[in-house]
Amino acid sequence: MKKKIVIDGGKKLSGTIAINGAKNSVVALIPAAIMANSPVTLEGVPDISDVESLTKIIELMGAKVERQGDTMMIDPTGVKSVPMPYGIINSFRASYYFMGALVAKFGESVVGLPGGCNLGPRPIDLHVKGFEALGAQVDNNFGAMYLKTGEQGLQGTHIFMDNVSVGATINVMLAAVRAKGRTVIENAAREPEIIDVATLLNNMGAKIRGAGTDEIRITGVDELHGTRHSVIPDRIEAGTYLAMAAALGEGEGITVENVLYEHLESYIAKLQEMGVEMTIREDSITVHPVKDLKMTKIVTYPYPGFATDLQQPITPLLLMANGVGELRDTIYEKRVNHVPELARMGGNISVEGNRVIIQGPSKLQGASVKASDLRAGAALVTAGLIAEGTTTVYDVEHVLRGYDKIIEKLTSLGANIRLEDCEEGEYIG
Ligand code: UD1
């Protein structure tokens, strides 16, 4: 049954919410965990549909998975490299991590081409080039990627990434930890999630140095063992709630707990530039109610620059600011599916060439809108909270892929928001 989120907007919010473990980490940590030869326990695993899909996939491979709250115990001792079934593997992007994890563990893998958010073209050529440089043969047959190593297995090598890619950096790192000898990845992505994956792998017995810098050096090992690991907080989830807090906070404001300021510096700098006052502590941030929002310009870059994943969630806040603003996504130029929907809600916003132009302040009105992808969905939920009247967000399955207990969290802050089943024939996607 398709779901929708219904919001009666215009209500001010206050209180405290906590952030969950990072989606973009955990979708790599779970494939990494199956590379071990004994159980791996992950703490702080968010309850999101991407994790559900990953759990189903590794169970199909023979892993035993137990969940208690946000702790997940993965016993990979029975895992086999089985071809990944079509369907579930295409439901999210990070299924591509099974290519690196399985080829490292078994010398072969067959993985359907990944799906996930439609942000325009999302090639995986850098992943493939990395695997080939490590000595794997990679073939694309009927929508699935076939990887195979020769008898000697993967061999350490020197790889220069043409482009800064989170996925390719992690995938090549997964493969290289079991390659013979030393691998150097240059022009590596530096996202915190890469450090998180390297930390898990090192605790499993891998030898990775330099994760978090643009040069990662890996010495291959013969086996990986089980361990216990705590997932880092989700900086994108945190950024989404910080924008909502700046838009709607009242009274004592909104405190976001379990957030690492260091992971959000470029984002917080932008909020400050817009006139948002915050009290920043070791692992929480309080956003104080804002009087006047100043307009700004945002350009996204790889970490530590302004994250592409946060440009959509911050857009409704820009619509509340005074003046003409601009947004340019240098990572995914076509990541603008939220723009027409925000315009339907009364936002003075348009795409001009490779820029989104925003004229504020715009008064938003409730409307029926469609979440075309995860972060566009987050933007529409934020806009629905701000807007006068009722907003219905369709295709919210995208939102539920990445935001754990979003309804409960926003309700606890005082929002009037609910998740409902679509009526028969109400919405045809
Ligand atoms: C990851 C994140 C996603 C985020 C993105 C950029 C996960 C599961 N997803 O996606 O939320 O928006 O990083 O921060 O962690 N590229 C190529 N060839 C490749 C791979 C990428 O040209 O083989 C290009 C992409 O088109 C894009 C850029 O490199 O323009 C960055 O993409 P990448 O960092 O790989 O994104 P993902 O890992 O897919």
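Residues numbered from 1 in each chain as written. Predicted model: local features only at pLDDT ≥ 70, side-chain atom pairs only at ≥ 80, totals over all residues. Heavy atoms only, no water.

Caption draft 1: Summary view of the environment of Ile406. As for its placement among the helices and strands, Ile406 is situated in helix 13 (residues 406–412). Exposure remark for Ile406: the relative accessible area of 2% places this residue in the buried category. Leave out the neighbours within four places in its chain, and Ile406 touches Tyr241, Val381, Val399 and Leu400. (Helix = DSSP H or I, 4+ residues; strand = E, 2+ residues; numbered from the N terminus. Buried < 20%, exposed > 50% of the residue type's maximum accessible area, 1.4 Å probe, protein only. Contact = heavy atoms within 4.5 Å.)

Caption draft 2: Spotlight on the packing of helix 9 (residues 308–320) against helix 11 (residues 374–386). Direction vectors running N to C along helix 9 and helix 11 enclose 20°, while the axes themselves pass 7 Å from each other. With respect to helix 11, the axis of helix 9 lies roughly parallel. With respect to the hand of their crossing, helix 9 and helix 11 are arranged in right-handed fashion. Counting all contacts with helix 9, which are made through Asp309, Gln312, Pro313, Pro316 and Met320, the residues of helix 11 involved are Arg375, Ala376, Ala378, Ala379, Thr382, Ala383 and Ile386. Among the residues making up the contact of helix 9 with helix 11, the classes are represented as 8 nonpolar, 2 polar and 2 charged. (Axes fitted to C-alpha atoms, helices over the stretch in contact; angles between N-to-C directions. Parallel < 35°, antiparallel > 145°, perpendicular 65-115°, else oblique. Left-handed = near helix turned anticlockwise from the far one by under 90°. Nonpolar A, V, L, I, M, F, W, Y, C, P; charged D, E, K, R; others polar.)

Caption draft 3: Just the sheet that holds strand 8 (residues 144–149), in detail. Here 3 strands make up an open sheet; going across it, the order is 6-8-7 and the pairing antiparallel. Edge positions in the open sheet fall to strand 6 (108–112) and strand 7 (136–141), since each of these has one partner strand only. Neighbour to neighbour, the strand axes of the sheet diverge by 15° on average, direction disregarded. In the sheet, strand 7 pairs with strand 8 via 6 bridges, with the strands oriented antiparallel. Paired with Asn141 across the two strands is Ala144, which belongs to strand 8. Sitting on the sheet, helix 3 (residues 97–106) is in contact with strand 6 and strand 8, with an inclination near 160° to strand 6. Against the sheet, helix 4 (residues 125–133) contacts strand 7 and strand 8, and its axis sits at roughly 145° relative to strand 7. (Pairing = 2+ DSSP bridges.)

Caption draft 4: Spatial organisation of the site of the ligand. The immediate surroundings of the ligand are formed by 21 residues, with Leu126, Ser165, Val166, Asp309 and Ile331 found nearest. Between a nitrogen atom of the ligand and a side-chain N or O atom of Asp125, the distance comes to 2.7 Å. Here an oxygen atom of the ligand and a side-chain polar atom of Asn163 are 3.4 Å apart. Bound to the protein, the ligand loses 88% of the 730 Å² it would expose on its own. Elements supplying a minimum of two residues to the shell around the ligand: helix 1 (23–33), helix 4, helix 5 (166–176) and helix 9. With 3 residues, helix 4 is the single largest residue contributor to the shell around the ligand. A class-by-class count of the residues in the shell around the ligand yields 10 nonpolar, 6 polar and 5 charged. (Near = heavy atom within 4 Å. Polar contact = N/O pair within 3.5 Å; in protein donor to acceptor, adjacent residues only side chain to side chain. Areas by Shrake-Rupley, 256 points an atom, 1.4 Å probe, with all protein chains shown as cover.)

Caption draft 5: Here's a closer look at the packing of aromatic side chains. Evaluated as defined, the whole model comprises 2 aromatic pairs. Here Tyr96 and Tyr97 contribute two aromatic rings whose centre-to-centre distance is 4.8 Å and whose plane-to-plane angle is 80°, an arrangement assigned as edge-to-face. When its relative accessible area of 3% is taken as the criterion, Tyr97 is described as buried. (Phe/Tyr/Trp six-rings, centres within 6.5 Å; stacked < 30°, edge-to-face > 60°.)

Caption draft 6: Structural view of the domain arrangement of the chain. In terms of domain boundaries, the chain breaks down into domain 1 (3–20 + 233–421) and domain 2 (23–230). Computed over C-alpha atoms only, the centres of domain 1 and domain 2 are separated by 30 Å. Facing 22 residues of domain 1, the contacting portion of domain 2 comprises 21 residues. Both faces combined, the contact of domain 1 with domain 2 buries some 1800 Å², and carbon together with sulfur accounts for 53% of it. The three residues of domain 1 that bury the most area against domain 2 are Tyr303, Tyr332 and Arg401, which together make up 36% of that side's buried surface. Taken together, domain 1 and domain 2 are joined by 2 salt bridges. Here Asp50 ties to Arg401 by a salt bridge, and the two come within 2.9 Å at their closest N and O atoms. Between domain 1 and domain 2 we count 6 residue pairs in polar contact (both at pLDDT 80 or more) in total. (Domains from an automatic or database assignment. Buried area = accessible area lost by both parts, 1.4 Å probe. Salt bridge = Lys/Arg side-chain N within 4 Å of Asp/Glu carboxyl O.)

Caption draft 7: View of the pattern of salt bridges. Counted under the stated rule, the structure contains 20 salt bridges. Here Lys409 ties to Glu237 by a salt bridge, and the two come within 2.5 Å at their closest N and O atoms. Linking Lys409 in helix 13 with Glu237 in helix 7 (residues 235–248), this pair joins segments that are 172 residues apart in sequence. Looking at Glu237, the relative accessible area reads 2%, which means it is buried. Here Glu273 ties to Lys270 by a salt bridge, and the two come within 3.2 Å at their closest N and O atoms. Highlighted residues: Glu273 and Lys270, both in helix 8 (residues 265–273), separated by 3 residues, approximately one helical turn.

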